[in-house]
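Spelled out from the first residue to the last, the chains are:
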Amino acid sequence: MSTQNDLPADYKPWPALWAMVIGFFMILVDNTIVSVATPAIARELESDVSTVIWVTSAYLLAYAVPLLVTGRLGDRFGPKNVYLIGLTIFTVASLWCGLTGSIEMLIVARVVQGVGASLMTPQTMAVITRTFAPANRGSAMALWGATAGVATLVGPILGGVLVDTLGWEWIFFINVPVGIVAFVLAWRLVPTLATHSHSFDWVGVGLSAVGMFLLVFGIQEGERYDWGTIDGILSVPALIIVGLLVVAGFLWWQSRIRTEPLVPLGLFRDRNFSLGNAGIALVSLAITAMSLPFFFYAQGVRGWTPTESAFLMAPMAIVLMLLAPFVGKLVDRVHPRGITLVGFGTAAVAMFWLSRVISPDSPVWQLILPMALFGVSNACLWAPLGATATRNLPMSSAGAGAGVYNTTRQVGAVLGSAAIAAIIQARLTANGLPGSSEAFQSTDQAMPAAVQGPFSDAMAQSLLLPVLAFAIGIVLVLFFQRPTHAGHGGKPAVATAPAVIVD
């Protein structure tokens, strides 16, 4: 029997969105905080490059895989309830991260933290889709994109200050009071939306988890094993091939399952949804891939403190915050192709520019200029891609669509983290430096002069990965269609805060 959940006629969706954005902001800050603190974590927990990057990769992997289910959980049990559960898990896991005394336990705690983040993220986009009129979602997505910009600014700077004054543990402890405030606000302001009955494809969950783990482990650890055999059992290339086969099996299963698939492949019949997903994966891959070599260079070669190196990211975040409101308004009025072309084009130029100016004695202003240009890029990518991908989704697929979109974004981040770890180690080796220990462990102060040149060259060469990703994005967005403001099946999208039907 179906019932209808009617939002009040005078309902204002912005307070609820602001309440949820606080939690989303905390997740994003956690990513950037960890990037700037990675050298300190490696030193104090006596880790090497390959192992310490698992602090990021394990979190991203645990974040990405459950997203295929957590979007549906929001549909089934209500986005507010699932968001609050995820927020609780994330906050408690943050406390656990700060209390750990070994790199192995920190990685485990980060996995739990990633699960909490996975429960939270799709609910934010689902609430946008279900409470904002299609013609106004660009402004809501602009807030979503601006949140990424503020987090990009606050995360590294706050992380640098905390690491320099209190220790790396406090980059996690800071989440506890923020999580409590976010819980109270979401409890009071987020509406209880109607739910939909869903079945859950646990076979699909297993296949996607195994496939992604094999891919990430193979890519990230390949250089450590010289792309040969792992402990005499299985070669790295074979591991990656098996991972690809398992992912292919997952997609085949999704096309054959008779109940509800984790990935509704029918959503990809909408060209903009498909291209938006591919675009956000490339953006996420590139941003994840650029931060680690940049902070390794700033702290290792230049000897800057975490706080000083974090301030180099400030121009990017400031420009993004200034431009995001204007871009949000444009998204609702003009074809998204032009905006995203500017985004991907300036991003490719900015990253290539940055890779050319990284050296042991580069003036600071030469680093700041490409970073400021990268802020323009981010302003023209996050909101346009999100709004374009989700604008035509029917209300009943809001959770599933948000789950797929955010999964794609996180898969890009996972692959970016794994790929940049492999590339950094490969370039360090190619430049005559150890791939995982001596050169990296010196990041509490500037490296010896003889090491600085080869190390900075390795980091600069690693930045060509995001350049390639953004160049591919330029080609993708050429195929964007003008949004129709219609749901699947050609039916007009709801013009006011939508009524949702319970199955």
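What counts, and at which threshold
Residues numbered from 1 in each chain as written. Predicted model: local features only at pLDDT ≥ 70, side-chain atom pairs only at ≥ 80, totals over all residues. Heavy atoms only, no water. UniProt positions renumbered as here; feature names shortened; annotations may be inferred. Phe/Tyr/Trp six-rings, centres within 6.5 Å; stacked < 30°, edge-to-face > 60°. Helix = DSSP H or I, 4+ residues; strand = E, 2+ residues; numbered from the N terminus. Buried < 20%, exposed > 50% of the residue type's maximum accessible area, 1.4 Å probe, protein only. Lys NZ or Arg CZ within 6 Å of the ring centre and 35° of its normal. 1 Å grid on protein atoms, 1.4 Å probe; cavity = no way out; pocket = protein on both sides within 12 Å on 5 of 7 lines; lining within 4 Å. Points joined across faces, edges and corners; volume = space filled by probe spheres on them. Nonpolar A, V, L, I, M, F, W, Y, C, P; charged D, E, K, R; others polar. Salt bridge = Lys/Arg side-chain N within 4 Å of Asp/Glu carboxyl O. Patch = residues over 30% accessible without salt bridge, like charges linked within 9 Å, V, L, I, M, F, W, Y side chains within 5 Å. Areas by Shrake-Rupley, 256 points an atom, 1.4 Å probe, with all protein chains shown as cover.

The name recorded for the protein in an unreviewed UniProt entry is EmrB/QacA subfamily drug resistance transporter, from Aeromicrobium panaciterrae. Check the Subcellular location (unreviewed entry) section of the UniProt entry for the protein; it says "Cell membrane".

With that settled, consider the packing of aromatic side chains. Summed over all chains, the structure comprises 11 aromatic pairs. Note on Trp 170 and Phe 173: the rings are 5.1 Å apart at their centroids and 80° apart in plane angle, and the pair reads as edge-to-face. One end of the pair is Trp 170 and the other is Phe 173, both in helix α8 (residues 170-173) and three residues apart, which spans about a single turn. On the accessibility criterion, Trp 170 (38% relative accessible area) is partly exposed. Following the ring pairs from residue to residue traces out a cluster consisting of Trp 54, Phe 213 and Phe 217. If you follow Arg 76 out to its NZ or CZ, it ends over the ring of Phe 77, 5.1 Å from the centre. It is Arg 110 that lies over the ring of Tyr 59; its NZ or CZ is 4.1 Å from the centre.

This paragraph deals with the layout of surface pockets. Within this model, the largest pocket holds a volume of roughly 430 Å³. Along its surface, the largest pocket is lined by 17 residues, and Met 212, Val 247, Phe 250, Thr 407 and Val 411 are the ones closest to its centre. Where the lining of the largest pocket is concerned, the elements lending two or more residues are α10 (202-221), α11 (236-256) and α18 (398-430). Partitioned by chemical class, the residues of the lining of the largest pocket number 13 nonpolar, four polar and no charged.

Looking now at the pattern of salt bridges. For the structure on display, the rule yields one salt bridge. With a closest N to O distance of 2.5 Å, Arg 110 and Asp 30 form a salt bridge. You can see Arg 110 sitting in helix α6 (residues 103-131) and its partner Asp 30 sitting in helix α1 (residues 13-44), a full 80 residues away along the chain. You'll find Arg 110 and Asp 30 in the same group, each marked buried.

Another aspect to go through is a nonpolar patch on the surface. Together, Val 349, Trp 353, Trp 365 and Leu 369 make up a nonpolar patch on the protein surface, roughly 410 Å² of accessible area in all. Put simply, the parts of the chain that give the nonpolar patch at least two residues each are α15 (336-357) and α16 (364-379). Inspection of the secondary structure puts Trp 365 in helix α16.

Before going further, it helps to spend a moment on empty space enclosed by the protein. Tallied over the entire structure, the rule returns two cavities of 30 Å³ or more. Of the voids in this model, the largest cavity is the one considered here, and its volume is about 410 Å³. The biggest single contributor to the lining of the largest cavity is helix α12 (residues 271-301), with seven residues. Residues of the lining of the largest cavity, tallied by class, amount to 15 nonpolar, 10 polar and one charged.

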